[in-house]
Amino acid sequence: METPPLKIAEVFYDDGCALCSSFRRWLERRAPGRFRFVPISTLAPAEQAKMSSLIVRFAGHRWTASEAVFRVLGLLPWPWRVFSLGRWIPRPWRDALYRFIARRRYRLGRAAPQCECPL
C-alpha cells in the first residue's frame, strides 16, 4: 500500500551534528509549522545505518543530499525560496559539494546542545 502524500515536509536530520541541528533551527525560524523534523537518533539502529544524508519526504516524493537541501529551500517563504534555484547547478557538482561538507560536518559549526527539547 502506498503512503498518502504529506502536507508537511518531513526532514530527517543528524541531530548529533551541530551543522545539521543549526540548519533545522534556521528552518524552524523561517517557516514555523511547515516541517516535521525527525532526528535520526530516534530511529531504529537499522534505519539509522541507512541515513547517510539529509532526507526530505513531501507530497509522495523522497529526496536526499543536495536535492533535499534545495527542495527544502523551495518550501520556504520569499525571499529564502530564491536559493532553491541552486537546483539548476548540475547535480554532480552540487552533490560533490554536499559530500565535501557532509564529511566535515562534525567539525563545522558550534557544538550541538545536549537536548534540543523545548521546555
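See above for the structure.
Residues numbered from 1 in each chain as written. Predicted model: local features only at pLDDT ≥ 70, side-chain atom pairs only at ≥ 80, totals over all residues. Heavy atoms only, no water.

1. Thoughts on the packing of aromatic side chains
- Under the definition given, this model contains five aromatic pairs.
- Ring plane angle 45 degrees and centroid distance 5.8 Å describe the contact between Phe 35 and Phe 37, whose orientation is recorded as tilted. When sorted by exposure, Phe 35 lands in the same class as Phe 37, which is buried.
- One aromatic cluster is present, built from ring pairs that chain together Phe 23, Trp 26, Trp 80 and Phe 83. (Phe/Tyr/Trp six-rings, centres within 6.5 Å; stacked < 30°, edge-to-face > 60°. Buried < 20%, exposed > 50% of the residue type's maximum accessible area, 1.4 Å probe, protein only.)

2. Some details on the pattern of salt bridges
- Counting across every chain of the model gives eight salt bridges.
- Sharing partners across several salt bridges, the network here consists of Glu 67, Arg 71, Arg 87 and Arg 94. (Salt bridge = Lys/Arg side-chain N within 4 Å of Asp/Glu carboxyl O.)

3. Overview of the environment of Leu 108
- Relative to the elements of secondary structure, Leu 108 occurs in the segment after helix H4 (91–103).
- A sequence separation of 89 residues divides Leu 108 from Leu 19, and the C-alpha atoms of the two residues are 6.2 Å apart.
- Leu 108 has contacts with Ala 18, Leu 19 and Ile 101, leaving out every residue within four places of it along the chain. (Helix = DSSP H or I, 4+ residues; strand = E, 2+ residues; numbered from the N terminus. Contact = heavy atoms within 4.5 Å.)

4. A closer look at the nonpolar core
- With 23 residues, the main nonpolar core has Val 11, Leu 27, Phe 35, Leu 54, Val 56 and Leu 76 as its most contacted residues.
- Listing elements by their share of this core, those giving two or more residues are strand S1 (9–13), helix H1 (18–30), strand S2 (35–39), strand S3 (55–58), helix H3 (65–74) and H4.
- The element that contributes the greatest number of residues to this core is H3, accounting for five residues.
- Aside from chain neighbours lying at most four places away, what touches Leu 54 is Val 11, Phe 12, Tyr 13, Phe 23, Trp 63, Thr 64, Ala 65, Ala 68, Val 69 and Tyr 98.
- Membership of the second largest hydrophobic core comes to five residues, among which are Val 38, Ile 40, Met 51 and Ile 55. (Core = buried A, V, L, I, M, F, W, Y, C linked by side-chain atoms within 4.5 Å.)

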